[in-house]
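Notes for the structure review
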There are 2 protein chains.
Amino acid sequence: MQKIRVGIVGYGNLGKSTELGIRQNNDMELIGVFTRRDPASIHILTEGVKAYHIDDAINMTDKIDVMILCGGSMSDLPEQGPFFAGLFNTVDGFDTHAKIPEYYEAVDKKAKDSNHICVISSGWDPGMFSLNRLYANVILPEGNDYTFWGKGVSQGHSDAIRRIEGVKNAKQYTIPIESAIESVREGENPEFTTRQKHIRECFVVAKEEADRAQIEREIKTMPNYFAEYDTTVHFITEEELEKNHSGIPHGGFVIRSGKTGANNENTHIIEYSLKLDSNPDFTANVLLAYARAAYRLNKEGGSGAKTVFDIAPAYLSIKSNEELRQNLL
Amino acid sequence: MQKIRVGIVGYGNLGKSTELGIRQNNDMELIGVFTRRDPASIHILTEGVKAYHIDDAINMTDKIDVMILCGGSMSDLPEQGPFFAGLFNTVDGFDTHAKIPEYYEAVDKKAKDSNHICVISSGWDPGMFSLNRLYANVILPEGNDYTFWGKGVSQGHSDAIRRIEGVKNAKQYTIPIESAIESVREGENPEFTTRQKHIRECFVVAKEEADRAQIEREIKTMPNYFAEYDTTVHFITEEELEKNHSGIPHGGFVIRSGKTGANNENTHIIEYSLKLDSNPDFTANVLLAYARAAYRLNKEGGSGAKTVFDIAPAYLSIKSNEELRQNLL
């Protein structure tokens, strides 16, 4: 069997997880990792696989079937997404919700011109959570959607704390409020304020001379990030942070509560939840499943930007349609 | 906007729920209900809609876009599925898992010959549970699947009790064992015997002269149905059965527990659960979403039998692809 030849652009957390994920998919092989750093400075875990400068990718279009774009949504993907769509089938996890329509258009144009399939905004949110919102909405047209995130590490919030004067390091957990989830599960269709859905817990390493009370005040009053939430701040040592908070767990809940019946007398609850020890590992594995789909759709002659909404589930699986019907249906 | 013209074959619980579900989908209208009974004996809830004898459907191929087949999997669908596939786009909830491949082939041939799209085995299991098994398997190739059913009414088990001598009426609930679900959620990857996953609770109305101890014994030792489970039997009056057990609730849990990481050090739990006040209402609403997809796929020139695995999620929604990307992604 000819394996799907995969390239990785960007070798941060997500890129490294993608490399590991490929080992779980027998129909894939890693061809190369592409980086903006000096390739000689990169140590690739997979034996026999090299790091290349990102500018060399353009010379390897005949060696790679799908490129997994593992850069960030803020500054990397808006540029890399359309660029690589002109050269390869791609998959990315672009997650700036408000800019998805614009990003889709940019990638779609380049992908159609170059006859590639480019899956954007894959992962879990957007991605699996989006899929579950869609399926639940079509089944229960009359109802309410709820999304809770966590317990998990928010990189953006951790970064925001680190920018405060006197802070050496920090980790922030987003935690859904259990009683709020329970109320939704009971079909009570509650309306929540921001404060009623999630709390924020911060673990902060302060510099020796820092004013801790001032740091705590600055965190708790930071608009958009913390002011709208009940926030707790714990000061800990660098050693404690390393020992107890070095993981990148995440997860969450997508719940739809809907009504049916002649007089809306029947309540239905659809719930999808994730509990992830490693956010990047899980995200990478979703991207890889969509890489398989991108490869196959392109083999069938397809082109253009796609999202998880546009791809029939069978394309994601290594199993044949007959096997799927027999074993998973 | 031209509405999707829907027909219903069979006017039992599922047919009636389908009729109600159409009211929640603004792009659909009910054209007729088709029955093997005397149409004059059927009272259709929807004003202006008539009941027809099932043999009249053949004369209405130009009036109906999608036929929803609401008969049973045991004897109705094996005959009606292929028959109606030769005349209409169809959707059904064929749920005899072992016979799906054979049923697929029979429907596929007729649907291809007549240029129709026929979605088989839709609903929630098979259906939404199958989809979640597939998505979870492609994301976590190394892991274990768990499906729990309930708490809900099993029609088959209730019927089995009713066939025992001395039983006037009965209702059986399948109940998942909470500690088993918790163990799965904790990533313990347990192996279960049948008895460790579900219990069975029976509410029985006995005839006056009946030997209750004998009925209880017969239930608890019935092979395949009860012998492999811890079963409790409650004798109640017909009035109590009517008052407290007339609903048809159901639901369940599909959980996949998987590992990632360089040394499989990360555990991930994907859980999908349903809590349904009305099994037929929910099933009907799933069938209707797939009716929309069948209609659209056929408009695009598609034909043949399809399952939930073969249909891109966007086809299920009344919303445009642009709206979906903007609002649900």
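In this text the structure is predicted, and so the values were computed from the model without any measurement. Here the residue index of a chain counts from 1 through its sequence in written order. Note on labels: chains are lettered from A, ligands numbered from 1, in written order. Since the coordinates come from a predicted model, pLDDT governs what is reported: local features require at least 70, and pairs of side-chain atoms require 80 or more to be given and counted, while whole-chain, interface and lining totals use all residues. Just so you know, side-chain values use all the structure's heavy atoms and leave hydrogens and water out.

A few words on the interface of chain A and chain B. We call two residues in contact whenever any of their non-hydrogen atoms come within 4.5 Å of each other. Tallying the contact residues gives 66 residues for chain A and 66 residues for chain B. Throughout this description, the term salt bridge denotes a Lys or Arg side-chain nitrogen within 4 Å of a carboxyl oxygen of Asp or Glu. Joining chain A to chain B, the criterion identifies zero salt bridges. Secondary structure follows DSSP: runs of H or I at least 4 residues long count as helices, runs of E at least 2 residues long count as strands, and numbering of each begins at the N terminus. Where the side of chain A that touches chain B is concerned, the elements lending two or more residues are helix H3 (100-114), helix H4 (128-139), strand E12 (250-260), strand E13 (266-276), helix H10 (279-299) and helix H11 (321-327) of chain A. Of the residues forming the side of chain A that touches chain B, the biggest block, eleven residues, is contributed by E13 of chain A. Taken together, the residues that form the side of chain A that touches chain B break down as 33 nonpolar, 20 polar and 13 charged. Note on pairing: DSSP must find at least two bridges between two strands before they are called paired. Pairing geometry for E13 of chain A and strand E13 (residues 266-276) of chain B, over nine bridges, is antiparallel. Note on E13 of chain B: the bridge partner recorded for glutamate 271 of chain A is serine 273 of chain B. All amino acids are sorted into three groups, where Ala, Val, Leu, Ile, Met, Phe, Trp, Tyr, Cys and Pro are nonpolar, Asp, Glu, Lys and Arg are charged, and the leftover types, Gly among them, are polar.

Strand residues, when the strand is regular, have side chains that alternate between the two faces of the sheet. All names here are of chain A. Accessibility here uses a 1.4 Å probe with only protein chains present; expressed as a share of the type maximum, an area under 20% marks a residue as buried, one over 50% as exposed, and anything in between as partly exposed. Judged by how many residues are buried, E13 sits mostly within the fold: ten of eleven residues are covered. Pairing of E12 with E13 involves eleven bridges; the strand directions are antiparallel. If you follow glycine 258 over to E13, its bridge partner there is histidine 268. Hairpin connection between E12 and E13: a loop of five residues separates the two successive antiparallel strands, and glycine 261 in this loop has a positive phi of roughly 110°.

A separate point is the relation of the copies chain A and chain B. Overlaid copies result from least-squares superposition on C-alpha atoms, with residues included only where pLDDT is at least 70 in both. For the match of chain A to chain B, the screw axis carries a shift of 0.0 Å, the RMSD comes to 0.0 Å, and the turn is 180°. With respect to symmetry, the two chain copies, as superposed, fit the operation of a two-fold axis. By C-alpha distance to the rotation axis, the residue of chain A lying nearest is alanine 312 of chain A, at 1.9 Å. Mapped onto chain B, 100% of the interface residues of chain A again fall at the interface, so both copies present the same surface.

Here we take up H4 of chain A. Residue and element names in this part refer to chain A. An expected span of 1.5 Å times one less than the residue number is assigned to each helix. Its twelve residues give H4 an end-to-end C-alpha distance of 17 Å, which sits within 8% of 16 Å, the value for a rise of 1.5 Å per residue. Most of H4 sits inside the fold, with twelve of its twelve residues counted as buried. All buried positions along H4 are accounted for by Met128, Phe129, Ser130, Leu131, Asn132, Arg133, Leu134, Tyr135, Ala136, Asn137, Val138 and Ile139.

This paragraph deals with the sheet that holds strand E8 (residues 152-153) of chain B. Residues and elements named next belong to chain B. In spatial order, the strands read E8-E9-E10-E11; together these four strands make up an open sheet with mixed pairing. The open sheet has two edge strands with one neighbour each: E8 and strand E11 (230-235). Here nine bridges tie strand E9 (residues 167-176) to strand E10 (residues 198-206), and the two strands are oriented antiparallel to one another. Its bridge partner being in E10, alanine 170 is matched across the sheet by valine 204. Fitting a line to C-alpha atoms yields each axis, with helices limited to the stretch in contact; the angle taken between N-to-C directions then spans 0 to 180 degrees. In the packing of helix H5 (residues 155-162) onto the sheet, contacts are made with E8, E9 and E10, and the angle to E9 comes to roughly 145°. Each of E9, E10 and E11 is contacted by helix H8 (residues 212-220), which is oriented at about 150° to E11, the strand it contacts most.

Take the domain arrangement of chain A next. All names here are of chain A. Segmenting chain A into domains produces domain 1 (4-125 + 280-328) and domain 2 (130-276). For the purposes of this description, domain bounds are those given by an automatic or database domain assignment. Taking the mean C-alpha position of each, domain 1 and domain 2 sit 28 Å from one another. Residue-level contacts link ten residues of domain 1 with twelve residues of domain 2. Joining two parts hides part of their accessible area as seen by a 1.4 Å probe, and the buried area is that hidden amount summed over both. Of the roughly 940 Å² buried at the junction of domain 1 and domain 2 (both faces included), carbon and sulfur atoms supply 71%. If you sort the residues of domain 1 by the area they bury against domain 2, Trp124, Asp125 and Phe309 come out on top, with a joint share of 56%. In this structure, the connection of domain 1 to domain 2 is made through one salt bridge. Where aspartate 125 meets arginine 133, a salt bridge forms, and the shortest distance between an N and an O atom there is 2.9 Å. Two N or O atoms form a polar contact when they lie within 3.5 Å of each other; inside protein one atom must be a possible hydrogen donor and the other a possible acceptor, and for residues adjacent in sequence the pair counts only when both atoms belong to side chains. If you look at where domain 1 meets domain 2, you find two residue pairs in polar contact (both at pLDDT 80 or more).

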